[in-house]
Amino acid sequence: MKTTAATGLVPRELQQYVAPALEEFRNETAAELGMPDYAYIDKGELPSRLNGKVGGGMTKKMVAFAEAVLAWNYKNRVLLNDTEMNRPEMLTE
């Protein structure tokens, strides 16, 4: 199943911001690749190699971001488990 804002991965109150955020991200990535006017270019006139560079750049950044989030969550989970395992037992009388 394809996971999108509509399938619940993005909270409902943020769903309206997904499309404009991706558009802004796409234009920023294109500008970094030397196409500062990408938002105004007729994409049908743009060679597929250039469009692919924009999409590929976006994908590379999104994967790096997801890796950072996964690593952060994993680290916190491991630290939490270590803390719980090293906690002294409470004595009850």
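Residues numbered from 1 in each chain as written. Predicted model: local features only at pLDDT ≥ 70, side-chain atom pairs only at ≥ 80, totals over all residues. Heavy atoms only, no water.

Draft legend 1. A look at the pattern of salt bridges. Applying the stated criterion across every chain yields a total of 2 salt bridges. One salt bridge in this structure joins Glu-23 and Arg-26, with 2.7 Å as the shortest N-O distance. Of the two residues, Glu-23 and Arg-26 are both situated in helix H1 (residues 18-32); the distance of 3 residues between them amounts to about one turn of the helix. Look at Glu-23 and you get partly exposed, because its relative accessible area is 34%. The partner of Glu-32 in a salt bridge is Lys-61, and the shortest N-O contact between them spans 2.3 Å. Of this pair, Glu-32 sits in helix H1 while Lys-61 sits in helix H2 (residues 48-85); the two residues are 29 residues apart in sequence, bridging distant segments of the chain. (Salt bridge = Lys/Arg side-chain N within 4 Å of Asp/Glu carboxyl O. Helix = DSSP H or I, 4+ residues; strand = E, 2+ residues; numbered from the N terminus. Buried < 20%, exposed > 50% of the residue type's maximum accessible area, 1.4 Å probe, protein only.)

Draft legend 2. Looking closely at the nonpolar core. Counting 7 residues, the largest nonpolar core consists of Phe-25, Ala-30, Met-35, Tyr-38, Leu-46, Val-54 and Met-58. Elements supplying a minimum of two residues to this core: H1 and H2. Every residue in contact with Met-58, bar those within four places of it in the chain, is listed here: Leu-22, Phe-25, Arg-26 and Thr-29. (Core = buried A, V, L, I, M, F, W, Y, C linked by side-chain atoms within 4.5 Å. Contact = heavy atoms within 4.5 Å.)

Draft legend 3. A look at the packing of H1 against H2. Running from N to C, H1 and H2 point in directions that differ by 110 degrees, and their axes come no closer than 9 Å. Taken as axis vectors, H1 and H2 run roughly perpendicular relative to one another. Once H1 is placed against H2, the crossing between them reads as right-handed. Across the interface between the two elements, Leu-22, Phe-25, Arg-26, Thr-29, Ala-30 and Glu-32 of H1 pack against Val-54, Gly-57, Met-58, Lys-61 and Met-62 of H2. Among the residues forming the contact of H1 with H2, the class breakdown is 6 nonpolar, 2 polar and 3 charged. (Axes fitted to C-alpha atoms, helices over the stretch in contact; angles between N-to-C directions. Parallel < 35°, antiparallel > 145°, perpendicular 65-115°, else oblique. Left-handed = near helix turned anticlockwise from the far one by under 90°. Nonpolar A, V, L, I, M, F, W, Y, C, P; charged D, E, K, R; others polar.)

Draft legend 4. Expanded view of the side chain of Thr-29. Looking at the element boundaries, Thr-29 is found in helix H1. If near-sequence neighbours (up to four positions away) are discounted, Thr-29 is found in contact with Val-54, Gly-57, Met-58 and Lys-61.

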